[in-house]
Amino acid sequence: MQTTALVPYAHLPRAHHERHVLTSTVDVFGTAHWLLGERPPQPRGEIRPFDALVVSVHQDGSVEHTELSAVRARWPHLDRLPDGRFVVAASRARRSKDSNQVQVFDAHGHETSSFSVGDAIEHLLVDEAGHVWVGHFDENPLGIRRWSATGRIAWTSDDARIPGLFDCYALNVSGTAAWACPYTDFPLVEIRPDRPERPVRVWANRIRGSHAVAVHGDRVAFYGGYGEERHRLAHGELTEASVEPTGAGVLALPDGAASGRRRAVGRGSRIYVQAEPCTAWGVFDLSN
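Here the structure is a predicted model, which means the values were calculated and not measured.

Draft legend 1. The arrangement of the overall build of the protein in detail. Across its full length, the protein carries zero helices and 25 strands. Expected size for 288 residues packed as a compact globule is a radius of gyration near 19 Å; at 18 Å, the protein falls within 12% of this value. The C-alpha extent of the protein, read off along each of the three principal axes, is 50 × 45 × 35 Å. By the burial criterion, 53% of the 288 residues in the protein qualify as buried. Here the analysis covers contacts within the protein between residues at least 6 apart in sequence; of these, 46% occur between residues at least 24 apart.

Draft legend 2. Fine view of the sheet that holds strand E13 (residues 144-147). Pairing is antiparallel across the open sheet formed by four strands, whose spatial order is E11-E12-E13-E14. On the outer flanks of this sheet lie strand E11 (121-126) and strand E14 (153-156), each paired with one strand and no other. If you compare each strand with its neighbour and ignore which way they point, the axes differ by 20 degrees on average. With five bridges joining them, E11 and strand E12 (residues 132-136) adopt antiparallel strand pairing. Each bridged residue has a counterpart across the sheet, and for Val126 the counterpart in E12 is Val132.

Draft legend 3. Fine view of the packing of aromatic side chains. If you walk through the whole model with that rule in mind, you get 10 aromatic pairs. Judged by centre distance (6.3 Å) and plane angle (45 degrees), the rings of Trp133 and Trp155 are tilted. Linking Trp133 in strand E12 with Trp155 in strand E14, this pair joins segments that are 22 residues apart in sequence. Assigned by exposure class, Trp133 and Trp155 land together as buried. When the ring of Tyr169 is compared with that of Tyr226, the centres are 6.3 Å apart and the planes differ by 70 degrees; the resulting orientation is edge-to-face. Of this pair, Tyr169 sits in strand E15 (residues 167-174) while Tyr226 sits in the loop between strand E20 (219-223) and strand E21 (232-238), placing them 57 residues apart in sequence. Among the residues examined, Tyr169 registers a relative accessible area of 11% and is labelled buried. Since its relative accessible area comes to 41%, Tyr226 is described here as partly exposed.

Draft legend 4. Broad picture of the sheet that holds strand E6 (residues 63-71). Read from one edge to the other, the open sheet built from four strands follows the order E3-E4-E5-E6, with strand pairing classed as antiparallel. Each having just a single partner strand, strand E3 (20-26) and E6 make up the two edges of the open sheet. Taking the axes of each pair of neighbouring strands and ignoring which way they run, one obtains an average angle of 20 degrees across the sheet.

Draft legend 5. Examining the nonpolar core more closely. Membership of the largest hydrophobic core comes to 27 residues, with the highest contact counts inside it found for Trp34, Trp133, Ile144, Leu171 and Ile191. Elements that contribute at least two residues to this core include exactly strand E4 (32-37), strand E5 (50-57), E15, strand E16 (177-183), strand E17 (188-191) and strand E25 (280-285). When residues no more than four places from it in sequence are discounted, the contact partners of Ile191 are Trp133, Ile144, Trp155, Ala177, Ala178, Pro199 and Val200. Of all hydrophobic cores here, the second largest spans 15 residues; its members include Cys181, Ile207, Val215 and Phe222.

Draft legend 6. Spatial organisation of the pattern of salt bridges. All told, the structure shown has 15 salt bridges when counted by the stated rule. Between Glu190 and Arg192 there is a salt bridge, and its shortest N-O distance comes to 2.6 Å. Residue class for Glu190 comes out buried when judged on its relative accessible area of 7%. A single salt-bridge network, built from bridges that share partners, covers Arg92, Asp119 and Glu139.

Draft legend 7. Examining unusual backbone geometry more closely. Following Glu276, the chain continues into Pro277 via a peptide bond in cis, with omega recorded as 15 degrees. Unlike most non-glycine residues, Ala70 shows phi in positive territory, near 60 degrees. Relative to the helices and strands, Ala70 is located in strand E6. Even without being a glycine, Ala120 presents a positive backbone phi close to 65 degrees.

Draft legend 8. Layout of the environment of His216. Structurally, His216 can be placed in strand E19 (residues 212-216). Residue classification places His216 among the partly exposed positions, given a relative accessible area of 34%. It is 8.8 Å that separates the C-alpha atoms of His216 and Arg270, two residues lying 54 residues apart in sequence. Residues in contact with His216, not counting those within four places in the same chain, are Ser269, Leu286 and Ser287.

Draft legend 9. Region of the structure containing the pairing of strand E22 (residues 242-252). As judged from the three bridges shared by strand E1 (residues 3-5) and E22, these two strands associate in the parallel manner. Within E22, the residue paired with Thr3 across the bridge is Val250. Sheet topology note: the E21/E22 ladder contains seven bridges and is antiparallel. Following the sheet pairing, Gly236 is matched in E22 by Pro245. Linkage of E21 to E22, two consecutive antiparallel strands, is achieved through a turn of three residues.

About the thresholds
- Residues numbered from 1 in each chain as written.
- Predicted model: local features only at pLDDT ≥ 70, side-chain atom pairs only at ≥ 80, totals over all residues.
- Heavy atoms only, no water.
- Helix = DSSP H or I, 4+ residues; strand = E, 2+ residues; numbered from the N terminus.
- Rg over C-alpha atoms; globule rule 2.2 N^0.38 Å.
- Buried < 20%, exposed > 50% of the residue type's maximum accessible area, 1.4 Å probe, protein only.
- Contact = heavy atoms within 4.5 Å.
- Pairing = 2+ DSSP bridges.
- Axes fitted to C-alpha atoms, helices over the stretch in contact; angles between N-to-C directions.
- Phe/Tyr/Trp six-rings, centres within 6.5 Å; stacked < 30°, edge-to-face > 60°.
- Core = buried A, V, L, I, M, F, W, Y, C linked by side-chain atoms within 4.5 Å.
- Salt bridge = Lys/Arg side-chain N within 4 Å of Asp/Glu carboxyl O.

Shown next, in the form of structure tokens:
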């Protein structure tokens, strides 16, 4: 089976390695961000607001620091808006007081607004227009929704007729569009709310269990799977109605090793992968 190695992409500066990585992502413009805390999240008990540091590493290698005040998320998601503000969201929101689940911070790290998008966030990704895309896991049937940065719903999958949308396993946001591959049927779904004549397209798909997807023209790549296929990189081509598999291999770390626990972010033709200890991002680019 062919092995494809990730290409090194961005590294957290060594001066910050003593802090705890609360979460990390790569935004729609290709900048990598780390949300760092002085201590790891506590699994139980009340969360008291805490200060955190965002370290941003741009594609040219320059580094930016933003101190955030009074973060409230235990298991946070992070992304950046096009105007430089940051969005931090708690993945769980089960009580009425979680109406401030999503916090928006200005460029100086002060909270400017908050709102709720619902419990069980699997993915939170910001697009180039500043919309916040949220995909939920199976403890919340809300599916996929697009929000404004002020907390107004701008699109919802409720009437989109996406088959088997029970858990948003994979979500890719690039430009102002999104691609998804949800459990249980694992169709490949293209979502373009700004295309009113056909905002959603669906392709049947036999590749199961992927947690990240990349798309380039009529080619698609799926990363992840069940059991021994957790490192699988499966390729396919888009026909009029389905994804036709064209081959599969393994996606490895830049040094050729298999990753342990990791997170993946899909952005257009790219899949960014970060393995523990979460200090580095590698990239696979389907367009290369």
